[in-house]
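What follows is the residue order along each chain.
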2 protein chains.
Amino acid sequence: MEVNFRSTCMIASALDLIGDKWSILIVRDMLLHKKTAFKEFVASDEGVATNLLSSRLKFLESIEVITKNKLTTNKKENIYLLTEKGIDLTPVIMELVIWSDVYVRAYHTEMNTSETVNMDKEIVIKNAQKQYREFAAQFKNQIVC
Amino acid sequence: MEVNFRSTCMIASALDLIGDKWSILIVRDMLLHKKTAFKEFVASDEGVATNLLSSRLKFLESIEVITKNKLTTNKKENIYLLTEKGIDLTPVIMELVIWSDVYVRAYHTEMNTSETVNMDKEIVIKNAQKQYREFAAQFKNQIVC
């Protein structure tokens, strides 16, 4: 994993790792939509190009935001899971949702709504993280070492 | 302002507006470093190319994250100020700082530290926003309509 950090700034450095247009959406697909397979990420509405997706998955794996695994029940297909580092991007995603709800809607009238914007932020974050951990735990004993 | 939103997702749509590598750093420079001038943004450590900066400033102005103004005391230079929409990106920036502190440092040993990561998040955010509003208010009577 070779990253050319632009500066010593904490904000810039975080963006140097996950500040492209796709990384956060891959984390979203895993965290909120429980997607685990390459073909499921490809099927997302944004239509990521497969070469770009492939390279972002490799990079996210290299910086330990996700893990790539094979299951004993299906040795052909990779399944991707978020690490705690990935799960801890939930607050960033939540803040984007809140900002989007207030400020992006004016430019994008067909944009989705989310009931979570009116709920207690910390609870929404904790619940999303807990649900994902429970989801990922089911694969634990099936992962090929 | 013409944006091709990739989907109806609130997260993707927010990233379609401010999810490039520079927008959040421009907001950071304004919010935390009280920068207002083009040449001050250029001088930031990340070394943004002037054509890229120019195009991002224009775009951020078009989506009302910033305003471009001239002062009665200096009609030559533009001064850029954050709108409330821009100031409301503070929580996103704060969450990036927190994530960075825990997870990016391992890859980037020279990265800065910030005492804010150990403080109450909501207070840090409110203070940063308040300080910026006070800073921006000083220009209010000098802005050429």
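Sequence order as written defines the numbering, with residues in each chain counted from 1. Throughout, the order in which chains and ligands are written sets their labels, letters from A for the former and numbers from 1 for the latter. Given that this is a predicted model, residues contribute local features only at a pLDDT of at least 70 and side-chain atom pairs are listed and counted only at 80 or more, while totals for whole chains, interfaces and linings are drawn from all residues.

Draft legend 1. Main features of the overall build of chain A. Think of it this way: any DSSP run of H or I at least four residues long counts as a helix, any run of E at least two long counts as a strand, and we number them from the N terminus. When you go through chain A residue by residue, the secondary structure sums to 7 helices and 2 strands. Each helix (α) and strand (β) of chain A, taken in turn from the N terminus, gives the series α-α-α-α-β-β-α-α-α. Taken over C-alpha atoms, the radius of gyration is set against a globule rule of 2.2 Å times the number of residues to the power 0.38. Taken over the C-alpha trace, chain A has a radius of gyration of 16 Å; the compact-globule value for 145 residues is 15 Å, and the two agree within 12%. Looking at chain A as a whole, 34% of its 145 residues qualify as buried. Of the contacts made within chain A by residues no fewer than 6 positions apart, 54% connect residues no fewer than 24 positions apart. Any residue with 12 or fewer other C-beta atoms within 10 Å of its own C-beta is exposed, any with 20 or more is buried, and the rest are partly exposed; the C-beta atoms used are placed from the backbone. Two residues qualify as being in contact provided that their C-beta atoms, derived from the backbone, are within 7 Å of each other.

Draft legend 2. Just the environment of Ile63 of chain B, in detail. Within the fold, Ile63 of chain B resides in the loop between helix H4 (50–62) and strand S1 (66–71). Expressed as a C-alpha distance, the spacing of Ile63 of chain B and Ala14 of chain B, which sit 49 residues apart in the sequence, is 11 Å.

Draft legend 3. Representation of the packing of helix H6 (residues 90–103) of chain A against helix H6 (residues 90–103) of chain B in the model. Think of each axis as a best-fit line through the C-alpha atoms, taken over the contacting stretch in the case of a helix, with angles from 0 to 180 degrees between the N-to-C directions. It is at 9 Å that the axes of H6 of chain A and H6 of chain B come closest, and there the two elements cross at 175 degrees. The angle between H6 of chain A and H6 of chain B falls in the class roughly antiparallel. Facing Pro91, Val92, Glu95, Leu96 and Trp99 of chain A of H6 of chain A, the residues of H6 of chain B in contact are Pro91, Val92, Glu95, Leu96 and Trp99 of chain B. Charged means Asp, Glu, Lys or Arg here, nonpolar means Ala, Val, Leu, Ile, Met, Phe, Trp, Tyr, Cys or Pro, and polar covers whatever is left, Gly included. Along the lines of polarity and charge, the residues of the contact of H6 of chain A with H6 of chain B split into 8 nonpolar, no polar and 2 charged. Throughout, the term roughly parallel applies to angles under 35 degrees, roughly antiparallel to angles over 145, roughly perpendicular to angles from 65 to 115, and oblique to all others.

Draft legend 4. Quick look at helix H1 (residues 10–18) of chain B. Where burial is concerned, most of H1 of chain B is hidden: 9 out of the 9 residues are buried. Along H1 of chain B, the residues that are buried comprise Met10, Ile11, Ala12, Ser13, Ala14, Leu15, Asp16, Leu17 and Ile18 of chain B. The secondary structure elements touched by the buried residues of H1 of chain B are helix H2 (23–31) and H6 of chain A together with helix H2 (23–31) of chain B.

Draft legend 5. The arrangement of unusual backbone geometry in detail. Residue and element names in this part refer to chain A. The phi dihedral of Lys34 is positive, around 55 degrees, even though this residue is not glycine. In this structure, Lys34 sits in the loop between H2 and helix H3 (38–42). Using a count of 12 C-beta atoms within 10 Å as the deciding quantity, one classes Lys34 as exposed.

Draft legend 6. Region of the structure containing the relation of the copies chain B and chain A. Copies are brought into register by a least-squares superposition over C-alpha atoms of residues with pLDDT of at least 70 in both. Superposition of chain B onto chain A requires a rotation of 180 degrees combined with a translation of 0.0 Å along the rotation axis, giving an RMSD of 0.0 Å. Each copy turns onto its partner about a two-fold axis. The fraction of interface residues of chain B whose copies in chain A are also interface residues reaches 100%, indicating that both copies meet through the same surface.

Draft legend 7. Geometry of the interface of chain B and chain A. At the junction of the two partners, chain B supplies 42 residues and chain A supplies 42 residues. Secondary-structure elements contributing two or more residues to the side of chain B that touches chain A are H1, H2 and H6 of chain B. It is H6 of chain B that contributes the most residues to the side of chain B that touches chain A, 11 residues altogether. The residue inventory of the side of chain B that touches chain A, partitioned by class, reads 24 nonpolar, 8 polar and 10 charged.

Draft legend 8. Representation of the packing of H6 of chain A against H1 of chain B. In the contact formed by H6 of chain A and H1 of chain B, the axes pass within 8 Å of each other and the chain directions differ by 80 degrees. Taken together, the axes of H6 of chain A and H1 of chain B lie roughly perpendicular to each other. Where H6 of chain A abuts H1 of chain B, its residues Ile93, Leu96, Val97, Trp99, Ser100 and Asp101 of chain A lie against Met10, Ile11, Ser13 and Ala14 of chain B. Looking at the contact of H6 of chain A with H1 of chain B residue by residue, the class counts come to 7 nonpolar, 2 polar and 1 charged.

Draft legend 9. Representation of the environment of Val42 of chain A. All names here are of chain A. Along the polypeptide, Val42 turns up in helix H3. By the C-beta count within 10 Å, which is 14 here, Val42 ends up partly exposed. For the pair Val42 and Glu77, spaced 35 residues apart in the sequence, the C-alpha separation amounts to 14 Å. Once residues within four sequence positions are removed from consideration, Val42 is found in contact with Val48, Thr50 and Leu53.

Draft legend 10. Here's a closer look at the pairing of strand S2 (residues 74–82) of chain B. Two strands pair when backbone bridges link them, and S1 of chain B and S2 of chain B are joined in this way by 6 bridges, in the antiparallel orientation. If you follow Thr67 of chain B over to S2 of chain B, its bridge partner there is Leu81 of chain B. Two strands make a pair as long as DSSP finds a minimum of two bridges between them.

Draft legend 11. Quick peek at the nonpolar core. Core analysis: the largest hydrophobic core is formed by 72 residues, its most contacted members being Ile11 of chain A together with Ile11 of chain B. Setting aside anything within four residues of it in sequence, one finds Ile11 of chain A in contact with Ile24, Leu25, Arg28, Ile93, Leu96, Val97 and Ser100 of chain B. Put simply, a nonpolar core is a cluster of buried Ala, Val, Leu, Ile, Met, Phe, Trp, Tyr and Cys residues tied together by C-beta atoms within 7 Å.

Draft legend 12. How the structure looks around the environment of Ala43 of chain A. Residues and elements named next belong to chain A. With respect to the helices, strands and loops of the structure, Ala43 is situated in the loop between H3 and helix H4 (50–62). We classify Ala43 as exposed; it has 12 C-beta atoms within 10 Å. Sequence-wise, Ala43 and His108 are 65 residues apart; in three dimensions their C-alpha atoms are separated by 22 Å.

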